Each structure stands twice: as structure tokens, then as C-alpha cells.
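Report on the structure
In case you want the letters, here they are:
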Amino acid sequence: MGKKFYITTALDYTNARPHIGHAFEKVQADVLARYARLKGKEVWFLAGTDEHGVKVVRAAGAAMKKPQEFVDGLADDFKRLKEALNLSWDDFIRTTDRERHWPGAVLIWKKLAEAGDIYKKKYRGLYCVGHEAFVTEKDLVEGICEDHGKAPEVIEEENYFFRLSKYSKQIGTAIKKGELQILPQSRANEILSFIDREGLQDVSFSRPRKDLSWGIPVPDDDTQTMYVWCDALANYLSAIGYGRNDDWKKWWPADVHVIGKDILRFHAAIWPGMLLSAGVPLPKAIYVHGFINVEGKKISKSLGNVIDPFELTKKYGTDAVRCYLLKEIPSGEDGDFSVAKFEAVYNGELANGLGNFAARVLALAEKYEGLKAVAFPKEIDERVATARKKVEDGIVAFRLHEAFGAVFDLVHFGDEYVNRTKPWEAEDKKAVLNLIILLDNIAGLISPFLPATAEKITKSIVWSKDGELQIKKGEVLFPRLS
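Residues numbered from 1 in each chain as written. Predicted model: local features only at pLDDT ≥ 70, side-chain atom pairs only at ≥ 80, totals over all residues. Heavy atoms only, no water.

1. Some points on the overall build of the chain
Across its full length, the chain carries 19 helices and 19 strands. At 25 Å, the chain has a C-alpha radius of gyration in line with the 23 Å of a compact globule built from 482 residues. Taken along its principal axes, the extent of the C-alpha atoms in the chain is 85 × 45 × 40 Å. Across the 482 residues of the chain, 57% fall into the buried class. Long-range contacts, defined as pairs at least 24 residues apart, comprise 77% of the intrachain contacts of the chain with a sequence gap of at least 6. Carbon and sulfur atoms make up 49% of the accessible area of the chain, which amounts to about 21200 Å² in all. Between the centroid of the 69 positive side chains of the chain and the centroid of its 70 negative side chains there is a distance of 2 Å. (Helix = DSSP H or I, 4+ residues; strand = E, 2+ residues; numbered from the N terminus. Rg over C-alpha atoms; globule rule 2.2 N^0.38 Å. Buried < 20%, exposed > 50% of the residue type's maximum accessible area, 1.4 Å probe, protein only. Contact = heavy atoms within 4.5 Å. Areas by Shrake-Rupley, 256 points an atom, 1.4 Å probe, with all protein chains shown as cover. Lys, Arg positive; Asp, Glu negative; His and termini not counted. Charge placed at Lys NZ, Arg CZ, Asp CG, Glu CD.)

See the structure below:
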């Protein structure tokens, strides 16, 4: 693998405040970015907001605000996720940014036009405002969009179209050969089945400006507004300089796009088609996560079950929230959240598990002076090596829950080792030293997942230049919930 690592999350749509699903995606990408940095790569981690389209206009109207004022407030909310979740993104792009984003979106449109892949025609179809996309009857269940619970609107208008069908076979071949990797494999199978069964159809790529003025005008035709997905997908290039300078060539192709399963077709079909048409290399990989349900039900404002990530981190702490999202929700599948489950994981894995193990080991080590680093005994060395391999394999395969789980297996082994050796009875300094080194390694392994906790542990374990140990105990890592 190369030394650079460019990772993106999907742009968050600014028609409502962030919820736990947004947090899930950001935390997953953060693990990948932090791990790449640990491996010595130069990382660029991009997040941002998608601020154009019909949904935004309607949501702004309902809030009695102008679209720009409305999206400014929500963009600030999404930016606050960085601090709340201890995210390490390097850049945040907004599609309303006329200086940074618009030039790239305009340039890619022009490239598509130059390739002969943009044409105009009259069209009548079903438009799902929730997806900001035209859909077919096959996409609906009894006339309703399952994702948004609403019937699409019938729209008849003259639009520009993108000749996506031209690239259907080429996209399918790239996915099959792994040139465009899609994980988990079930998502690759899903898009390949769609391509093989129906082939990719040409896509409406604009809306009349009289009906939608909130967006980027189509180059050389200000009577049309660029399709919101054409606009939004271009962010992966525009943020790194495309349309402004050649800096983008340092980072492109993207190493990983992290997205939700509901926008797979946009990223695995439309986006590759755009890139092929524009003469830009395809991204290397698309990692697709599932949804988080709340007590078995889809997150919905009407149900009143939207989980606020800011309130959650404020009450339980950032790393407790990161732990649940990364360990209890399967990376590429749907998962469930409830306060009861969350608190059970907090008390079980964090307070009684990692937190208690760290406290026991540090308390034991504090009693002894002059401990010096020595070679690991074979048993512990093999356990650490196994955990490290499982962490790496899990991260590479986008099975973060398995990678993180391997670290907790090491914690459980540490507890067993303490109980078996009982170093407090035999005053076994070697066993205590083994435990300290084990804890130090655990801190290193959890650092992409629980960065603040890892830092607290490593600050408690200080080695002098000659290898002598000094313990600096800090705060309780995870106070047990009453």
C-alpha cells in the first residue's frame, strides 16, 4: 500500500440535526483514519455537508428561514460532532461553498459534456424527495418508498441527462475485478445483481431553475440547476482542489468512501460513471455500513426515537459512545440501540472490564519500585500478537466490531492472568510487570477506537530511559453506573 490515505464520509444532508446514525458513520471512518496514521501513512480525512436540493428548501420553509440561514445552522451542528465524538477529520466541505466546492462541481459537469455524455430531453417520472432522485415502480412497495414512507411525486419537465448506461459494463467489470472494492461483499453482490439484471440507465442530471433555484446553475445554461447528487458527489474531488489547482492529484484516488447502504447506487454506479466519463481514476474502495434502529424500530422524528449524540456523549462520555457504536453494531450490517443495552455494555465491558483491569494492574504496580522492562513470557507475547493480527485483519476487512472485540478478548485474558497468578500474594514482581506491559499494549491497540482512554492509560505508565517503571495513576476510566 502507498503512503497516502484519503478517506471520506458521505456528506450529511442538512434538512435535520445530527442523530446517532451520523455518529456511527463518522466514528467508523475515524477508526480507519487513526489506524492508517498509526501505520505511518499520510492521512486526509474528509467530512462535510450536502446543502442543496428540494428537501432543504422545504425544511427551511417549514422553519421559516431562508435556505442559506437554515443550512448554516445545521452545518455548525454537524461540525460540532468532531469535538463531541473526538473525531480526527482534517477537512470539512460544504456544497454551498462557492470558492472551494463549486469550481470542482462545474468542472466535472463540463468534462461530462465534453465527453458527449450530457444531453437534454423531456422526461416524466416519479421523484422521491427523500432520495433526491427519480425512482421507478420497481423501487416502490405498493407505491411507497420504503426508506422514506412516502409516495414519490410525479414530475414532468425538460432536464439534462447523464449517459450512465454507456458505462454500465465497465463499472460492473471494475467491481468484479476488485478494481473498485465494495465491502461487505453482500453490497458488491447487490450492485452487481442490479447491473447484470437491468443495466444502468441514464440519469436525470438537472432540474429547471424555475422549480429549484437552490443549487449550482448548470454551466452555460442558467435556466437549469445541477442535480443535487451530481453536485454532492463532486465534493470528494472539489475538497482536495479539483477545479482550483492540481493538489487533488496527490490524494486521488480516494482509498475509502464510507457510506450508508441507502446511498450505495449513487456511489457504486453514478459516481464511477461520472469519473469514467471525466477521465478520472475510480476510488479504490467503498465501505458500506447498515442502519441503527432504536429498540427495533427505524429512527424517526414522528416516532420520537431520535437519539441525540451530543446528549449521549455529555451523559456517558465520548469513549463510551464510541465503544457501543464500534463494538455492538456490526460494521456492515444493521444494529440496534437502546439505553438499557448501552448501559449494560458500559458497565460490563468498560467499567467492570477495561476500566477495572486497568485499575487493578496500576494499583498492583504502584506498590513496587524499581520494576524494569523485560522480555514478554511466551504466553503473553503470543496473546498480544494474536490480538494485533485480529485487529489488523478486522480493520482491513471493514469488520471493525470484530477488530475491537479482539482487544476485549485480550482484556479478559488479562483478568484471568491476574486471578491465576495472584501477584499480591506471592509479591510476584515479574507477574506485575507482565501485566503492565500487557496493559500498555492494550492501550496501543484500542487507540484508534477509544483514543482518549488509550491516552489516559499510556500517561499512567511511564518508562524512564533505562527502562524503569513509574506509575502515575489518574482518574477512574469508567465510573460504574448506579
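2. What about the pattern of salt bridges?
Going through the model one piece at a time under the given rule, you end up with 34 salt bridges. One salt bridge connects Asp-77 with Arg-17, and the closest N-O pair in it is separated by 3.4 Å. Taken together, the residues Asp-77 in helix α3 (residues 67-79) and Arg-17 in the loop between β2 (12-13) and α1 (20-38) connect sequence positions 60 residues apart. Overall, Asp-77 belongs to the buried group, its relative accessible area being 14%. What makes Arg-17 partly exposed here is its relative accessible area of 37%. Asp-393 serves as the salt-bridge partner of Lys-389, at 2.6 Å between the closest nitrogen and oxygen. Pair noted here: Lys-389 and Asp-393 are both in helix α15 (residues 378-396), with a separation of four residues, about one helical turn. Linked through salt bridges whose partners overlap, the residues forming this network are Arg-17, Asp-77, Arg-80 and Asp-308. (Salt bridge = Lys/Arg side-chain N within 4 Å of Asp/Glu carboxyl O.)

3. Let's talk about the side chain of Ser-238
With respect to the helices, strands and loops of the structure, Ser-238 is situated in helix α9 (residues 235-238). When neighbours within four sequence positions are excluded, Ser-238 is seen to be in contact with Ile-93, Arg-100, His-101, Gly-104 and Arg-244.

4. Here we look at the environment of Glu-366
For Glu-366, the location among the structural elements is in helix α14 (residues 339-366). Each C-alpha atom, one on Glu-366 and one on Val-432, is 9.8 Å from the other, the two residues being 66 residues apart in sequence. The contact partners of Glu-366, leaving out residues within four places of it in the chain, are Ile-471 and Lys-473.

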